[in-house]
Amino acid sequence: VRGGAGQRIAGNITSGINPDRVINGKKAPHGGYDLGAAQGQPILNCNLNGSVVKAGYSESFGNYLIVKYSNGAYVRMGHLQNKTTSLLNKTVTPNQRLGYVGNTGYSTGSHLHVDFFDRNMTRINAETFAKGL
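Residues numbered from 1 in each chain as written. Predicted model: local features only at pLDDT ≥ 70, side-chain atom pairs only at ≥ 80, totals over all residues. Heavy atoms only, no water.

Caption draft 1: Representation of the pairing of strand β8 (residues 74-80) in the model. Here β8 lies mainly inside the structure; seven of its seven residues are buried. Remark: four residues form the turn of the hairpin made by strand β7 (residues 62-69) and β8, two consecutive strands paired antiparallel; Gly-72 in that turn has positive phi of roughly 95°. (Buried < 20%, exposed > 50% of the residue type's maximum accessible area, 1.4 Å probe, protein only. Helix = DSSP H or I, 4+ residues; strand = E, 2+ residues; numbered from the N terminus. Pairing = 2+ DSSP bridges.)

Caption draft 2: Expanded view of the nonpolar core. One finds Leu-65, Tyr-69, Met-77, Phe-116 and Phe-129 to be the most contacted residues of the largest nonpolar core, which totals 25 residues. Those elements that provide at least two residues to this core are β4 (33-36), β6 (50-58), β7, β8, β11 (111-117) and α1 (126-131). Contact partners of Leu-65, with chain neighbours within four places excluded, come to Val-52, Lys-54, Ala-55, Val-75, Arg-76, Met-77, Leu-80, Thr-84, Leu-87 and Leu-98. Core analysis: the next-biggest nonpolar cluster, separate from the first, contains five residues, Phe-61, Ile-66, Tyr-74 and Phe-117 among them. (Core = buried A, V, L, I, M, F, W, Y, C linked by side-chain atoms within 4.5 Å. Contact = heavy atoms within 4.5 Å.)

Caption draft 3: Molecular detail of the pattern of salt bridges. For the structure shown, the criterion picks out two salt bridges. A salt bridge links Arg-76 to Asp-115, with the nearest nitrogen and oxygen atoms 2.6 Å apart. Taken as a pair, Arg-76 in strand β8 and Asp-115 in strand β11 lie far apart in primary sequence, 39 residues in all. In this structure, the salt-bridge partner of Arg-123 is Asp-115, at a minimum N-O distance of 3.5 Å. Exposure remark for Asp-115: the relative accessible area of 1% places this residue in the buried category. A cluster of three or more residues bridged by salt bridges with shared partners is formed by Arg-76, Asp-115 and Arg-123. (Salt bridge = Lys/Arg side-chain N within 4 Å of Asp/Glu carboxyl O.)

As C-alpha cells, this is what we get:
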C-alpha cells in the first residue's frame, strides 16, 4: 500500500513500460503494465473516488475504461471481459468492482492492462500515481 491511492497489486506484472518492445518483428511500444490474472477475476477500484470518463471497445485494448480520480490522475484499464459502458459518467468508490479480467482486443492471454496519466494526460508510472500528484 502506497500513498493516498492505496494501490494494491496482487499477482504478477507480466509486462512493464517498454518503449522498445517488438511483437512479430514490428516495434510495438508498451506504455503501461500488464498484470497476469485469471479470466473472470474481479477488478476492484483503488482507494480513491473517481468517475468513469470513457468506456468502450478498441482493437488494441478490447473492452476498456478510463477513470479520472479525485487527485487529478487518470487510469486506463484494458482487456476487460465485459463491456463497461454502463459505468460511463458514473462515480466510482474505493474497492468498487469495475469489471473482470478478460482477453479482449489485441491480447495473448487473460490479463489486465493498466496505464497511468497525470491531470494533463501525460503518461506517468505506477509509483508516481500511488504517491499522488
